[in-house]
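A closer look at the structure
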Amino acid sequence: MFTIARKTSFFYFTHLVSFCAPAWPALLKGKGGIISMLAFWVPLWLSSSVLWSEKQESYALLRMLPVTDREIVRAKFSLALAATFVYWLILALFNWWAWGSRWEYPFYVALANLTCAVSLPLTACWYIVSWRFGQSALTVGVLTFIVLAIIPTFALNIDRWDWVGAPGMAAARWLANGPWYLQLCLFLIALAAYYGLMQVAVRVKQKSEASL
Amino acid sequence: MTLILEARNLTKRYHDFALKDISLEIPCGCIVAFFGPIGAGKTTLMRLLAHQIPASSGAVQVFGLSYDNREKEIKNRIGYVPQEPSFYADRSVGFNARFAAPFFARWDGGALYRMLDEFKISRETAVKHLSRGQRTLLSIALAFSHEADLLMLDEPTAGLDIILRRAILERLRQFVAGGERTVVVASHITDGLEEIAEYVNFLDEGKLVFQSEKDELLARWKRIHFREGALSPDLVRQLTDMRMQPFGSSGLTRDFSALREQLAPGIASGDVVVENARLDEVLIAMLKGE
């Protein structure tokens with residue numbers, strides 16, 4: 001399981017570095033609002049990591065080895081979960097660095113929590129699509145997601161450094177203004193959904209030949 | 001007879017092909033061959049037996065265990081060589097070997113690298129730069145490197161030159177020599193395999209049309225060479241795969257023992273000569289429904 005996760009982690013790591021790189025100059029200039037853009041990288045980063053790692057994966061080789069589909073799925077899902085946590089930590093550190101330890105801008109924390117929580121089941125769905133319908137379907141799915149969801153969000157807010165008042169941020173604002181445990185609940189729901197989708201993914205992986 | 005592999009009512013349905021209701025038993029300590037024309041279902045059957053694809057229905061037991069709950073244990077003891085070996089193509093041979101190693105409970109890296117050296121495959125070469133035959137050899141080397149008890153090979157000699165083909169077949173023969181290990185091999189050509197296989201199975205159009213011990217099969221099927229007029233027309237009509245030859249004709253019989261008495265006078269006079277049929281002749285005759 002560790003061997004599979006270690007190999008796949010290469011894609012998460014390289015994508016993380018490339019996705020975070022553009023944010024450094026803005027952060028060094030003290031433009032803390034860049035964190036909102038970084039938060040929106042999360043689903044994009046996870047989706048592209050899944051896409052590229054799946055393109056490079058050799059499930060036919062794995063099938064020949066003494067490893068079960070359940071272990072493969074667990075390895076992939078555990079890695080995505082760990083990667084999301086690492087990214088959340090990075091966002092939290094950026095937040096702390098940009099705004100100080102007083103957390104004056106709970107909006108950014110809420111936004112990071114929201115995007116990380118939504119990204120988890122989204123990542124699970126990408127894996128299910130890949131194993132059920134093959135890599136072509138995954139490519140179409142991820143590209144469609146980027147075109148319909150991510151690009152418009154960035155296009156609408158390209159001239160802003162601070163997304164607090166930006167359109168489409170109502171959910172993050174609502175979370176930021178609500179009690180703290182609301183965000184905890186959000187994470188717990190996301191984790192439960194993620195676990196449920198992992199069970200579905202195991203069954204899909206066992207039954208389907210699309211990824212072989 | 002200890003069974004090493006058992007399949008019951010194994011079925012796999014695709015939209016344009018189905019492998020239907022295969023039941024078979026493979027004993028320990030021998031080489032079992034599956035023959036059949038291209039598209040007969042050999043690869044599908046091998047993939048089902050090695051648990052590479054899920055079956056539509058039916059069950060497979062290997063070493064008396066089921067893949068449902070003992071998959072890792074079984075695969076630790078199986079060496080599977082697919083028809084189209086798959087690896088991390090962009091990575092080197094060495095990387096692929098190092099990747100596979102930790103999965104196996106028993107791993108002999110030295111044996112692997114000795115075989116790769118013997119096959120003249122460099123560890124540094126990217127798999128995508130290997131020929132099809134070299135990929136098969138890499139797959140065979142991997143199958144031999146974890147002390148498997150059962151080898152399952154799908155067209156293992158395809159794409160190999162005659163020297164390597166001989167070397168692989170000899171390795172398979174040595175593998176089963178102790179009587180405790182088994183080889184299951186599928187091929188659309190009998191070349192070389194007929195010498196080492198002890199059991200022969202024949203697949204056609206997704207069905208297992210026949211299973212037999214090779215020696216028993218070849219004891220029944222004989223090629224009869226005869227001079228013109230040496231056999232009665234009735235006897236000639238019982239032969240198949242008729243061929244004209246310089247000294248007369250020849251034909252196959254599927255039941256030599258039934259003709260033995262009738263052929264005895266001709267054999268005694270030298271007008272009739274009986275020889276063992278070749279396995280490919282027998283299979284072709286069966287394919288034609290004779």
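Residues numbered from 1 in each chain as written. Chains lettered and ligands numbered in written order. Predicted model: local features only at pLDDT ≥ 70, side-chain atom pairs only at ≥ 80, totals over all residues.

As for the overall build of chain A
- Counting secondary structure elements, chain A contains nine helices and zero strands.
- For chain A, the succession of helices and strands along the chain, N to C, is α-α-α-α-α-α-α-α-α.
- Taken across its 212 residues, chain A has 40% of its residues classed as buried.
- For chain A, the proportion of contacts with a sequence separation of at least 24, taken over those separated by at least 6, is 85%. (Helix = DSSP H or I, 4+ residues; strand = E, 2+ residues; numbered from the N terminus. Buried ≥ 20, exposed ≤ 12 C-beta atoms within 10 Å, placed from the backbone. Contact = placed C-beta atoms within 7 Å.)

Some details on the interface of chain B and chain A
- Contact residues are listed per partner, giving 16 residues for chain B and 14 residues for chain A.
- Elements that contribute at least two residues to the side of chain B that touches chain A include exactly helix H2 (67–76) and helix H3 (93–100) of chain B.
- Ranked by residues supplied to the side of chain B that touches chain A, first place goes to H2(B) with four residues.

Section: the sheet that holds strand E12 (residues 240–245) of chain B
Residue and element names in this part refer to chain B.
- An order of E12-E13-E11-E14 is seen for the four strands of this open sheet, with the pairing classed as antiparallel. Of all strands in the sheet, those bounded by a partner on one side alone are E12 and strand E14 (272–276). Averaged over neighbouring strand pairs, the angle between their axes works out to 20 degrees when direction is ignored.
- Across five bridges, strand E11 (residues 222–226) lies against E14 in antiparallel orientation. Across the sheet, Arg 223 pairs through a bridge with Glu 275, a residue of E14.
- Packed on one face of the sheet, helix H11 (residues 279–287) meets E11, E12 and strand E13 (248–253) and runs near 125 degrees to E12. (Pairing = 2+ DSSP bridges. Axes fitted to C-alpha atoms, helices over the stretch in contact; angles between N-to-C directions.)

Observations concerning the packing of helix H6 (residues 106–133) of chain A against helix H9 (residues 180–207) of chain A
Residue and element names in this part refer to chain A.
- Taken N-terminus to C-terminus, the directions of H6 and H9 make an angle of 5 degrees; their axes are 9 Å apart at the nearest point. Between H6 and H9, the angle is such that the two are roughly parallel. The segment H6 lies against H9, with Ala 110, Asn 113, Leu 114, Ala 117, Leu 120, Pro 121, Ala 124, Cys 125, Tyr 127, Ile 128, Trp 131 and Arg 132 engaging Gln 183, Leu 186, Phe 187, Ala 190, Ala 193, Tyr 194, Leu 197, Met 198, Val 200, Ala 201, Val 204 and Lys 205.
- Classifying every residue of the contact of H6 with H9 gives 20 nonpolar, two polar and two charged. (Parallel < 35°, antiparallel > 145°, perpendicular 65-115°, else oblique. Nonpolar A, V, L, I, M, F, W, Y, C, P; charged D, E, K, R; others polar.)

Digging into helix H4 (residues 109–118) of chain B
All names here are of chain B.
- Among the residues making up H4, those that are buried are Leu 112, Met 115 and Leu 116. Buried residues of H4, viewed axially, fall in a sector of 100 degrees; they line one side. Opposite the packed face of H4, turned more than 90 degrees from it, sit the exposed residues Gly 110 and Asp 117.
- Looking at the packing, one finds that the buried side of H4 touches H3 and helix H5 (132–144).
- A positive phi of about 60 degrees marks Lys 120, the residue just after H4. (Arc of directions from axis to C-beta.)

A short note on the nonpolar core
- Counting 138 residues, the largest nonpolar core has A:Ala124, A:Ala201, B:Ala33, B:Leu49, B:Ala141 and B:Met152 as its most contacted members.
- Looking at this core element by element, the count peaks at 17 residues for H6(A).
- The residues contacting B:Met152, other than those within four sequence positions of it, are B:Met46, B:Leu49, B:Ala50, B:Ile78, B:Tyr80 and B:Val184. (Core = buried A, V, L, I, M, F, W, Y, C linked by C-beta atoms within 7 Å.)

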